[in-house]
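# Summary of structural features
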Amino acid sequence: FAENKNKTDILSFTDTSLKVTETSLNNYVSLKAGDKISAEDTMKAVLVFSANDAAYLMAESVAGSVDNFVNMMNEKAIELGLKDTHFENPSGLEIDPLNPSNTDINQTTAFDLAKIAIAAYENDWVKEVISPKNIKTTINLAGYPVDIESRNKILGKSNNIGGKTGTEELAGHCFVGFFEKDG
């Protein structure tokens, strides 16, 4: 997303993205297809709040479809030399909201996840969004201000300068983070 969009781009929610209801922005504001959100707020929604519907919106906005974006994710994994990573959806949900009967899930290792994080952190937009300045932030969702808060409970503490959390039944509680000491 950060490689293909600008912060000022405006995205429109789709019927597909609105099918995603677990940890979604639609739980804050009753959204409908065509409602708008900026790319900057979409990035915050995904990286600060873990909004799964916004992850699907990202996918469609970049690649035209979720499947095409997942293919791009898998191509990027190969480009990064990841040997133990395979993506099935853009959000990391273990039950795909678009195909709940599909039992295939995203898979990676701690080592590969660290490599993904390092590559992502090289992008200034990603680095800014996951930084302590966004522990609590506001996004504009279909014309309404919505306060969101980072799920990274140590952000800005213990030298933590950024990171991303995730929790699913099979994966458990996951965290990849960045810490700074002596510069």
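Conventions and cut-offs
Residues numbered from 1 in each chain as written. Predicted model: local features only at pLDDT ≥ 70, side-chain atom pairs only at ≥ 80, totals over all residues. Heavy atoms only, no water. Helix = DSSP H or I, 4+ residues; strand = E, 2+ residues; numbered from the N terminus. Rg over C-alpha atoms; globule rule 2.2 N^0.38 Å. Buried < 20%, exposed > 50% of the residue type's maximum accessible area, 1.4 Å probe, protein only. Contact = heavy atoms within 4.5 Å. Areas by Shrake-Rupley, 256 points an atom, 1.4 Å probe, with all protein chains shown as cover. Lys, Arg positive; Asp, Glu negative; His and termini not counted. Charge placed at Lys NZ, Arg CZ, Asp CG, Glu CD. Pairing = 2+ DSSP bridges. Axes fitted to C-alpha atoms, helices over the stretch in contact; angles between N-to-C directions. Parallel < 35°, antiparallel > 145°, perpendicular 65-115°, else oblique. Left-handed = near helix turned anticlockwise from the far one by under 90°. Nonpolar A, V, L, I, M, F, W, Y, C, P; charged D, E, K, R; others polar. Polar contact = N/O pair within 3.5 Å; in protein donor to acceptor, adjacent residues only side chain to side chain. Core = buried A, V, L, I, M, F, W, Y, C linked by side-chain atoms within 4.5 Å. Phe/Tyr/Trp six-rings, centres within 6.5 Å; stacked < 30°, edge-to-face > 60°.

Secondary structure summary: the protein contains 6 helices and 6 strands in total. Reading the protein from its N end, one meets helices and strands in the order β-α-β-α-α-α-α-α-β-β-β-β. Its C-alpha atoms give the protein a radius of gyration of 16 Å, near enough to 16 Å, the size a compact globule of 183 residues would have. Overall, the protein is about 45 × 35 × 30 Å in size when its C-alpha atoms are taken along their principal axes. Taking all 183 residues of the protein together, the buried fraction comes to 42%. For the protein, contacts bridging at least 24 residues in sequence account for 59% of all contacts bridging at least 6. Accessible surface, the protein: about 9900 Å² in total, of which carbon and sulfur atoms supply 50%. When the 17 positive and 27 negative side-chain charges of the protein are each reduced to one mean point, those points stand 7 Å apart.

Before going further, it helps to examine the pairing of strand E5 (residues 160–168). Side chains on a regular strand alternate between the two faces of the sheet. Of the strand pairs in this sheet, E5 and strand E6 (residues 172–179) are connected by 8 bridges, and their pairing is antiparallel. Across the sheet, Thr165 pairs through a bridge with Phe175, a residue of E6. Counting the residues that bridge the hairpin from E5 to E6 gives 3 residues.

Contact pair helix H2 (residues 39–47) / helix H3 (residues 52–63): the axes reach a minimum separation of 8 Å and the direction vectors enclose 135 degrees. Taken together, the axis directions place H2 and H3 in an arrangement best described as oblique. Classified by chirality, the crossing of H3 by H2 is left-handed. Of the residues in H3, those touching H2 at Thr42, Met43, Ala45 and Val46 are Ala54, Ala55, Leu57 and Met58. In terms of residue class, the contact of H2 with H3 is made up of 7 nonpolar, 1 polar and no charged.

Another aspect to go through is the environment of Asn152. Turning to its location among the elements, Asn152 is positioned in the loop between strand E4 (144–149) and E5. On a C-alpha basis, the gap between Asn152 and Ile135 in space is 8.0 Å, while along the polypeptide they are 17 residues apart. When near neighbours in sequence (up to four residues on either side) are disregarded, Asn152 contacts Asn160, Gly162, Gly163, Thr165 and Phe175. At 2.8 Å, the side chain of Asn152 and the side chain of Asn160 are in polar contact.

As a further point, take the nonpolar core. One finds Phe1, Phe13, Leu25, Met43 and Leu141 to be the most contacted residues of the largest nonpolar core, which totals 45 residues. With 8 residues, H3 is the single largest residue contributor to this core.

Moving on to the packing of aromatic side chains. With the rule as written, the count across this model stands at 4 aromatic pairs. Measuring from ring centre to ring centre gives 4.0 Å for Tyr121 and Phe178, while their planes differ by 15 degrees; the resulting arrangement is stacked. Of this pair, Tyr121 sits in helix H5 (residues 110–121) while Phe178 sits in strand E6, and the two are 57 residues apart along the sequence. Owing to a relative accessible area of 17%, Tyr121 belongs among the buried residues under this scheme. Ring centres of Phe175 and Phe179 lie 6.4 Å apart, and the angle between their planes is 75 degrees; this geometry places the pair in the edge-to-face category. Looking at Phe175, the relative accessible area reads 36%, which means it is partly exposed. We classify Phe179 as partly exposed; its relative accessible area is 45%.

A few words now on the side chain of Asn106. Tracing the chain through its elements places Asn106 in the loop between helix H4 (66–79) and H5. A polar contact is formed between the side chain of Asn106 and the backbone nitrogen of Asn89, at a distance of 3.0 Å. In contact with Asn106, other than residues within four places in its own chain, are His86, Phe87, Glu88, Asn89 and Gly92.

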